[in-house]
Structure formats: C-alpha cells, structure tokens
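A look at the structure
Each chain, letter by letter, is given below.
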Amino acid sequence: MNTICIVEDEVLIAQDIKFLLEENGHDVCSIACDYKSALKAAEEFKPDFFLMDINVLGDIDGIEIACLIQELHKTHIIFHSSDPISQYTKRLQKTKYLDYLVKPVSMPMLLELLDNNRSVIC
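Given the structure is predicted, the values throughout are model-derived calculations rather than measurements.

Quick notes on the rules
- Residues numbered from 1 in each chain as written.
- Predicted model: local features only at pLDDT ≥ 70, side-chain atom pairs only at ≥ 80, totals over all residues.
- Heavy atoms only, no water.
- Helix = DSSP H or I, 4+ residues; strand = E, 2+ residues; numbered from the N terminus.
- Buried < 20%, exposed > 50% of the residue type's maximum accessible area, 1.4 Å probe, protein only.
- Arc of directions from axis to C-beta.
- Contact = heavy atoms within 4.5 Å.
- Polar contact = N/O pair within 3.5 Å; in protein donor to acceptor, adjacent residues only side chain to side chain.
- Phe/Tyr/Trp six-rings, centres within 6.5 Å; stacked < 30°, edge-to-face > 60°.
- Core = buried A, V, L, I, M, F, W, Y, C linked by side-chain atoms within 4.5 Å.

In this fold, Thr75 is placed in the loop between helix H3 (62-72) and strand S4 (76-81). Overall, Thr75 belongs to the buried group, its relative accessible area being 0%.

Spelled out as structure tokens, the structure:
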C-alpha cells in the first residue's frame with residue numbers, strides 16, 4: 001500500500017482529507033504544516049505521495065519544499081491551492097509534480113489520481 005503525507009497548514013482541512021483518504025483505503029503516514037515537518041516526514045516515512053499545499057506556514061512555500069524533498073526521495077507530488085495554476089506555472093516547472101488540484105480538493109478526483117498512480121513512482 002502506498003503512503004501519503006499531507007502538507008497543509010489548515011488543521012481542519014488536513015484532518016478532513018486524512019479521514020476521507022483513510023476511509024477509502026489509503027495510508028496517511030503524516031500531516032505536516034511547514035517546511036521542517038514536511039522534510040522530517042520525507043526522511044522518516046519516505047511517502048509515495050505528498051499532497052502539498054503551496055501556501056504553508058513559514059518562509060518556504062510548498063513548491064520549494066517539493067523541490068527539496070525530490071532531491072532526497074523519489075515521490076509523487078500533488079499540489080493543491082486555492083490559487084489558479086497560472087499563478088505558479090513557471091515555478092511548478094522546477095518540480096516533477098503529478099497534478100495540481102484547486103481547493104476545495106475534489107475527493108473523487110484525488111482518489112482517482114492516487115489509484116491510477118499507485119505503482120508508478122517517478
């Protein structure tokens with residue numbers, strides 16, 4: 001079973017996503033709210049997927065965190081944000097991201113994305 005780390009600084013949103021993913025048979029290994037906790041989760045759990053909010057707590061945003069994580073670990077990054085993708089297109093090119101979802105995250109879309117990419121780790 002693939003593991004997922006949720007990087008989200010809004011606790012209630014993170015907990016809702018975690019609950020829905022686990023209800024659908026996915027293993028959420030960690031919830032991180034900032035750069036340090038996301039890197040710690042990457043090192044400790046080596047998740048197969050990161051559901052990465054772009055606007056997280058601290059000076060380093062989700063795109064930069066994804067770049068750092070991908071230097072250490074092969075993983076899928078699924079970005080999510082309330083901002084349109086056009087706002088980040090150039091910066092997203094620095095990452096090998098799987099997809100970009102606009103908040104509120106569509107759970108059927110997220111589940112399909114995870115299920116279709118279970119065995120294909122970049």
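What follows is about helix H2 (residues 35-45). When H2 is considered as a whole, its buried residues turn out to be Ala38, Leu39, Ala41 and Ala42. In an axial view of H2, the angular spread of the buried residues amounts to 155°, which keeps them on one side of the axis. Structural note: H2 exposes Lys36, Lys40, Glu43 and Glu44 on the side pointing more than 90 degrees away from its buried face. Contacts made by the buried residues of H2 are with strand S1 (3-7), strand S2 (27-32), strand S3 (49-53) and H3. The backbone nitrogen of Lys36 lies 3.4 Å from a side-chain oxygen of the residue at the head of H2, namely Asp34.

The next point concerns the packing of aromatic side chains. All chains considered together, the criterion is met by two aromatic pairs. Taking the centre distance of 6.5 Å and the plane angle of 40° together, the rings of Tyr88 and Tyr100 count as tilted. With Tyr88 in the loop between S4 and helix H4 (89-92) and Tyr100 in strand S5 (residues 97-102), this residue pair connects regions lying 12 residues apart in the sequence. Accessibility classification places Tyr88 together with Tyr100 in one group, the buried group.

Once that is clear, we can look at the nonpolar core. Among the nonpolar cores identified, the biggest contains 21 residues, and Cys5, Val7, Phe50, Met52, Ile69 and Phe79 are the most heavily contacted of them. Broken down by secondary-structure element, the contributors of at least two residues to this core are S1, S2, H2, S3, H3 and S4. In this structure, Met52 is in contact with Val7, Gly62, Ile65, Ala66, Ile69, Ile77, Ile78, Phe79 and His80, ignoring residues within four places of it in sequence. By size, the runner-up hydrophobic cluster in this structure holds 16 residues, among which are Ala14, Ile78, Leu110 and Leu114.

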